[in-house]
Amino acid sequence: MNAPVLSLMTALGERLFLLDTGCPVSFAQEARELMGGAWFDEPLSLRPAPFSLTPLRERLGLPIEGFIGLSALTPHKDVFFDFDQGALRLGEEAREAARGLIESEVTPLVTPLTTQHKAPISLTLLLDQEERSCYLDTG
């Protein structure tokens with residue numbers, strides 16, 4: 001699977017989370033909060049997992065602790081998926097990364113986390129000669 005997996009610090013230590021922009025909330029099997037730091041200025045509360053993560057863990061072959069949902073991303077305003085570097089850049093870091101690519105004559109896609117099409121992380125794409133609105137769901 002091409003799942004975006006993040007290693008984040010919890011009160012239980014470093015754990016793996018699946019980034020799922022289609023999930024409105026963040027949750028975990030055992031951890032109840034992510035520590036403040038690189039991504040979050042303050043600790044981020046995690047809800048209890050609404051379903052068993054065992055099938056997902058088996059499919060990915062990774063000990064996934066939970067999901068990071070859209071509500072954890074929206075305070076950052078912009079998101080930039082840097083697939084070449086294997087990194088997710090948020091907020092000002094996303095805008096800086098995009099500026100660097102524009103200067104190198106590569107057209108980046110920085111996605112504003114606004115509800116431009118009545119859904120966050122929505123994109124306008126040209127598909128079959130026609131503009132279409134799409135929702136980006138990384139899960």
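In the block above lies the structure referred to throughout.
Residues numbered from 1 in each chain as written. Predicted model: local features only at pLDDT ≥ 70, side-chain atom pairs only at ≥ 80, totals over all residues. Heavy atoms only, no water.

### Quick look at the pairing of strand β1 (residues 5–10)
Reasoning step 1: Burial along β1 is one-sided: Leu6, Leu8 and Thr10 are buried, while Val5, Ser7 and Met9, pointing the other way, are not.
Reasoning step 2: Note that β1 and strand β2 (residues 13–19) share six bridges and pair antiparallel. Counterpart to Leu6 in the pairing with β2 is Phe17.
Reasoning step 3: Following β1, the chain reverses through two residues before pairing antiparallel with β2. (Buried < 20%, exposed > 50% of the residue type's maximum accessible area, 1.4 Å probe, protein only. Helix = DSSP H or I, 4+ residues; strand = E, 2+ residues; numbered from the N terminus. Pairing = 2+ DSSP bridges.)

### Focus: the pairing of strand β8 (residues 78–82)
Reasoning step 1: Where burial is concerned, most of β8 is hidden: five out of the five residues are buried.
Reasoning step 2: Alternating positions in β8 separate into two faces, Asp78, Phe80 and Asp82 on one and Val79 and Phe81 on the other, with burial throughout.
Reasoning step 3: Hairpin connection from β8 to strand β9 (residues 87–90): four residues lie between these consecutive antiparallel strands, with Gly86 at a positive phi of about 65 degrees.

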